[in-house]
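# Per-entry structural report
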Amino acid sequence: MVLRTHLPCFRSRPSRLLMASTLAVGVLALTLPFLPPVARAFDFVPLPWPLFAAAICIVLLYVAATELIKRQFYGAPVRTQPGGAASKL
């Protein structure tokens with residue numbers, strides 16, 4: 001959801017369907033190891049808390065890096081002038 005727009009992720013709201021499906025998949029992925037029939041069938045084990053915290057940190061660093069790179073990539077908006085010349089605002 002961070003890469004879907006050139007705007008900062010906190011200023012651009014995703015559609016309800018995208019947000020709902022993302023949350024549903026995330027919750028499902030986090031709860032599967034705690035559901036005994038599923039955990040036994042696939043040999044899932046819950047993540048240790050230090051590893052879970054490290055994964056959260058990696059996700060937060062990914063969001064921060066993506067926002068930084070988007071600012072550099074998109075830069076100032078380009079305006080087309082009459083005659084086809086482009087200028088930065």
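The model shown is predicted, which means the values in this text are computed figures rather than measured ones. (Residues numbered from 1 in each chain as written. Predicted model: local features only at pLDDT ≥ 70, side-chain atom pairs only at ≥ 80, totals over all residues. Heavy atoms only, no water.)

## Focus: helix H3 (residues 49-74)
For an α-helix the count is 3.6 residues per turn, leaving residues at separations of three or four pointing the same way. In this model H3 runs 37 Å from its N-terminal to its C-terminal C-alpha over 26 residues, within 8% of the 38 Å that 1.5 Å per residue would give. Two residues or fewer after H3 comes Gly75, characterised by a positive phi angle close to 55°. (Helix = DSSP H or I, 4+ residues; strand = E, 2+ residues; numbered from the N terminus. Expected span 1.5 Å × (residues − 1).)

## With respect to the pattern of salt bridges
The tally for this structure, following the rule as stated, stands at one salt bridge. Residue Lys70 is joined to Glu67 by a salt bridge in which the shortest nitrogen-to-oxygen separation is 3.3 Å. With Lys70 and Glu67 both in helix H3, this residue pair falls three residues apart, about one helical turn. Accessibility expressed as a relative area gives 8% for Lys70, which makes it buried. Taking the relative accessible area as the measure of exposure, Glu67 reaches 11% and is therefore buried. (Salt bridge = Lys/Arg side-chain N within 4 Å of Asp/Glu carboxyl O. Buried < 20%, exposed > 50% of the residue type's maximum accessible area, 1.4 Å probe, protein only.)

## Examining the packing of aromatic side chains
Under the defined criterion, the tally for this structure stands at three aromatic pairs. Each ring, one from Phe73 and one from Tyr74, has its centre 5.0 Å from the other, and the planes form 80°; the classification is edge-to-face. Owing to a relative accessible area of 42%, Tyr74 belongs among the partly exposed residues under this scheme. (Phe/Tyr/Trp six-rings, centres within 6.5 Å; stacked < 30°, edge-to-face > 60°.)

## A closer look at unusual backbone geometry
With a phi close to 55°, Asp43 is a non-glycine residue in the positive phi region. Among the structural elements, Asp43 can be located in the loop between helix H2 (36-42) and H3. Judged by relative accessible area, which is 66%, Asp43 ranks as exposed.

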